[in-house]
Every structure is written in structure tokens, then in C-alpha cells.
Amino acid sequence: MMTQQYLGGEEIMSTHTYSRRGFIGLTGAGIACVAGAGWARVAAAAAAADARHADLVVFNARVYTVDPSMPRAEAFAVRAGKFIAVGSSADVKGLVGRSTEAVDAGRMTVVPGFIDCHNHAPGNELLYEVLVGNPYEVEFVTIASILDKLRAKAQKTPPDTWVEGYFFDDTKVKDKRALNVHDLDQVSKDLPVAVHHRGGHTSFYNSRALQMAGITKTTPDTASGTYDRDSNGELNGRVTDRARGVFDKVGKRTAYSADETMRRDREGLAYISRQFVRYGLTGVCHEGGNLRALEQVRASGDLLHRVSYEAKGAELEAMITGGMTTGLGDEWIRLGATYEHTADGSFSERTMALSIPYPGTSSPYKGNTTETQEDLNAWVERVHRAGIQANCHANGDVAIDHVLTAYERALRLLPQADARPKITHCTLINDDLVRRIKAIGAVPALFTSYAYYNADKFHFYGEELMKRCMAYRTLLDAGIPVAAGSDFNPGPFSPLMGMQGMVTRTGWNGEVWGGNQRITVDEALRVNTINGAYATREEAIKGSITPGKLADFVVLAEDPHAVDPGKIKDIHVVRTVVGGSVAYKA
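In this text the structure is predicted, and so the values were computed from the model without any measurement. (Residues numbered from 1 in each chain as written. Predicted model: local features only at pLDDT ≥ 70, side-chain atom pairs only at ≥ 80, totals over all residues. Heavy atoms only, no water.)

(A) Summary view of the packing of helix 7 (residues 258-278) against helix 8 (residues 291-299). At their nearest, the axes of helix 7 and helix 8 sit 9 Å apart, and the two run at 60 degrees to each other. Taken together, the axis directions place helix 7 and helix 8 in an arrangement best described as oblique. Here helix 7 runs over helix 8; the crossing is right-handed. Residue-level contacts link Met-262, Asp-265, Arg-266, Leu-269 and Ala-270 of helix 7 to Arg-292, Ala-293, Leu-294, Gln-296 and Val-297 of helix 8. Partitioning the contact of helix 7 with helix 8 into residue classes produces six nonpolar, one polar and three charged. (Axes fitted to C-alpha atoms, helices over the stretch in contact; angles between N-to-C directions. Helix = DSSP H or I, 4+ residues; strand = E, 2+ residues; numbered from the N terminus. Parallel < 35°, antiparallel > 145°, perpendicular 65-115°, else oblique. Left-handed = near helix turned anticlockwise from the far one by under 90°. Contact = heavy atoms within 4.5 Å. Nonpolar A, V, L, I, M, F, W, Y, C, P; charged D, E, K, R; others polar.)

In C-alpha cells, the structure reads:
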């Protein structure tokens, strides 16, 4: 039986109409909540009989399309997983048929699905490992709580087998001091113990681990990493960047059968997918991972977000030797750029390569470059010649210079229009680097949540350097389509937390650093949507609410343009919709 609903003063007919309250409370009886099952299902027979009509119409919404031809709208229609009309409520009335889901959004805000252009997607760690810090939010822990978790793990660990903790953050510790070797010796003097900083470039080891690796206080630092010491010249347990490689060769780690490994990888990927859509992410660049498990998760219906798979190791070699280029795949899983090829250290862990010494350091320290210019040149040339989009990790100005040198060289040797090489992080820039980035059409993917989450680390750099760090304002003003890259693990991946930091440059502690790099809400929305699609060469099919594009969108309980800018991260995600199907509902 049909019901009437008045939309914008016009009368339409619909089989299913929902109020704001009904929209928030939709259940599985009316919508399916996994990819592949339509939010607005249309029976095959009905679709064939009435192909003009939409599967879904959303009206009475505040729609920010991120499409310059129509930046604002109040309604849109979806058919077969794509937007087919955008405009006023009256505009879409003719697309409502007998089998259409017509949804009154009650003036809630709708934006395109958020896209994260750099994410390690560590589902296995989140599910199975010892987490000594909060992956998603600012939370302070104690050293005692870290040690308690590791002791519990050690009690169940066989001899010579590693005990490891993840998601440690050195500035989120209530004790207000560094974790050290003596702390970790309290976990075990017989087992090797490691705590890994969430930034991914430093780890902390106990005495047993150092002994097994053959590291003593006389061991020299490497060209790409350090064995840190205390004021007395003794090892303090902190090891940086590639100097950690020796620890991979000692001790035992739990071994799993091929079937068990695949099961764990599938469960980890399904788990992280649920977390992504909970925060409004519909597209994520995965840094490596088990590609076969990813395909199996997709086949089972548990892949809720779209993946740009960034390959390394055996997968990258297979791409090069097999002639597989960036873009191969479909709308759900596509081969993207390479895994980030590391040129220097970490911003959050203070090991990135700077042209000047770190402010306040007693013995001048400029961070770590992790590869020679010659090796970097050779690697970039090889993937560029293979038709694969290059992607390099570069934080400091020295490393960004090295990466641009390698990109410029490759493009001279084999010119390619619109190559869009990626610079992951691209943290500390200067005018000359910006000019060179623009000249070759490189796409930087800057940290997103750091301005809020990591403000407690910015004093290590000082205001003058922070004016040139995470430089969204400078890059956008130069006409560079800078994208968002949370770098999760290192930073929380909440797009709304990232937007708040971009707009305010204010940290969780109220400190403002580099306020000259603030951007507007509209610009932050573009960075997190259409610019992300551009970075993966998919701007023609996603990134905005535009007819013909994939129907990926997020429903927000409040308008980020209207709330206190310091509260953007707290806006409630009501729905995340991927291809017209509900992937998450609050």
C-alpha cells in the first residue's frame, strides 16, 4: 500500500518513507548492513519493469557534495550502487517508485565517504596482540599498566619466545618519563621483551633481547638507525629505525600453520573493516597485507570499505614481473601505488631527517635517512618503468628533497603525463620543495589526526618548524591536491579528528602549533574526500556526491560547518553507506 509524503512542498508517492527518527533507527528488516546487500533493495522483476526509478532516495538533508558544479543540495537518488540524481527534494520526486526506499534525513548532514590515503590496517594486532595504548583516542597510561599486560603475556610464553607490546606512545604516559630497559627487565630477565612505539620507527627492548641480538654499549650506531644510551653511556633500550633489524633474526615468534595464518588474516581484515566504516571511512589505501585473505573477506561479504592495495615485497615483484600496473582491479579492491618506500625516520618519534639539528639537542642530531640517494633513485626508476605509481615515505625536508630528486630523475628518463607519484607524510616543507612538488604533479598525503593527537610532541620541534609542518594551507594555496593519510598505527584514523586538527591546529591539550596552516571546513572536507580519490586516480568514480559516481556517503548527526570547530571530532556518525549499502549504522 502506498503512502504519501510531502517533500519541499511537492507530493510524491513511495512504498517506504522514513522520518528522522525512523532513519536513525532503521533495522535489518528494512536495510542490509553489509556490502553487497542493498540499503534500498529493488527486486529484479521490479527493477526490470520500472528501470526509471531509484533504489534509494534521500531527501530533506544538508548535503555537501564536494562537487563544484553543485556544492550544496538537499536530496539525491541512488540506483545500482551509484548516484543518479542530486538536487532539491523536488528534483528527485520523479525517481521514487513502488520499490524505492525514500528516506527523510531530518536535516542531518550528508557528505561523501571519507578516504584515507595511508593506513597500515593492522587488524591482526588489534585482535590478537598486547595493546599497551589506545589505538583510537587520546588516553594516558602508566608504565605499571604496560608492565602488567606484558607480564601476563610472559607467563604464557615459551622459553626464548618474544613478548611484545604494541601502540605505545611515549608522550601518553602518566609517569612523564621514558620507558627504558630497566622497566622491561621487570617483565622478564629470561625472555626477550619489546614494546613498539605506535609510530613504527622506534622500539624498546629488555636486557635479554639486547643480549640475544649481540648489542652492547660499544656497538656503533648504523647509518640508518641508533642504539640509544643514557647519560652514563649505557644502553637505555630504545632503538630507532633500521637499527632494529638485528632483533628480527633472534628469538622465537609463535608460528602458525598456513590455514591458521589465513584465518587470522581474514579475521583481522574483517575486524579492521568494521572499525573503518564505524568512523565513516569508505575508501582506504592499505599498506600491504595478505591480498588473498582480503579477496576472501570480500567474497564472504565482510569487506565493508573499498581498498587501494599498496604492494611491497613478493606482491610488488609479482606486479613488476607480471606486467600488472596501478589501477588493475575493480571498485572494491584495486592495485594502487607501491607500499611506502621509506626514505627517513619518524615525525612523532623525532627521527625524521632534518636539514638542521633538532632544537634543544645537546649533541647535534638531524634524524635518520634510511637509504642512499643512489638506491632510492634505482628503486623509483624500476617501479616507474613498470607503470606502477611510486609512493615514498618522507617526513623531513632532507628526505623530501631526496624523494623529489628520485621522482624528477625517473620522469626525465621516462616521461609520463599525470604520473601522480605519492609523497607519504611530506611533513616539513619549504618554498623550493613546494615548487618542485607542484612541477611534477606529486600528491602529498599528510598526517591527519596529528595536529590534535600529537600536539604534546610539537615542542620538540618548536613553533618556527611547526609553521612548515603538515602544511595543508601552503600546499592548497599552491594548487597542490594534498590528501589525507592517517598513517594508522601511528595516528588515529578518525577523519573527523583529522578535520578538527586541520581547521583549528589545536591539540587535545589546548596548545596551538602552526596556526598559519589552518584550513576551512570545506577545504578539510575536500582533503578527506575528492583529493583522496585523486591520489588513487579514482576521482572519476568516487570522492564526491555526483551523478554517475559510486554511492559512498556518510550521514552525520551534526554539521561540521555549524558546530564549534573544537567539537568536530565528536560529531556522531549515524550511517556509513558504501555503494548504496549500509556498511555501518549507529
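(B) Structural view of the packing of aromatic side chains. Counting across every chain of the model gives 23 aromatic pairs. Pairing Phe-76 with Phe-83 gives two aromatic rings, centres 5.5 Å apart and planes at 90 degrees, and the pair type is edge-to-face. On the basis of relative accessibility, which here comes to 0%, the residue Phe-76 falls in the buried class. Its relative accessible area of 1% is what places Phe-83 among the buried residues. Where Phe-458 meets Trp-513, the ring centres are 6.4 Å apart and the plane angle is 85 degrees; that geometry is what we call edge-to-face. Placement of Phe-458 in the loop between helix 13 (450-453) and helix 14 (463-466) and of Trp-513 in the loop between helix 16 (495-504) and helix 17 (521-527) is noted, with a sequence separation of 55 residues between them. Each member of the pair, Phe-458 as well as Trp-513, carries the same accessibility label: buried. (Phe/Tyr/Trp six-rings, centres within 6.5 Å; stacked < 30°, edge-to-face > 60°. Buried < 20%, exposed > 50% of the residue type's maximum accessible area, 1.4 Å probe, protein only.)

(C) View of the state of the cysteines. Scanning the model with the defined rule gives zero disulfides in all. The thiol sulfur of Cys-285 is not disulfide-bonded, and the nearest other cysteine sulfur, from Cys-117, lies at 4.4 Å. (Disulfide = S-S within 2.5 Å.)

(D) Molecular detail of the packing of helix 11 (residues 397-413) against helix 12 (residues 431-440). Running from N to C, helix 11 and helix 12 cross one another at 30 degrees; their axes reach a closest spacing of 11 Å. Taken together, the axes of helix 11 and helix 12 are roughly parallel relative to one another. Crossing hand, helix 11 versus helix 12: left-handed. Contacts between helix 11 and helix 12 involve Asp-397, Ile-400, Asp-401, Leu-404, Thr-405, Tyr-407, Glu-408 and Leu-411 from the former and Leu-433, Arg-436, Ile-437 and Ile-440 from the latter.

(E) Main features of the pattern of salt bridges. Inspection of the entire model under this criterion finds 31 salt bridges. Arg-253 is the salt-bridge partner of Glu-164, the closest N and O atoms lying 3.6 Å from each other. With Glu-164 in strand 13 (residues 163-168) and Arg-253 in the loop between strand 17 (235-240) and helix 7, the pair connects residues that are 89 residues apart, well separated along the chain. For Glu-164, a relative accessible area of 13% corresponds to the buried category. The salt bridge involving Lys-172 is made with Asp-169; its shortest N-O contact spans 3.4 Å. Relative accessible area serves as the criterion here: at 4%, Asp-169 is assigned to the buried category. Overlapping salt bridges, with partners in common, bring together Asp-169, Lys-172, Asp-456 and Lys-457 in one network. (Salt bridge = Lys/Arg side-chain N within 4 Å of Asp/Glu carboxyl O.)

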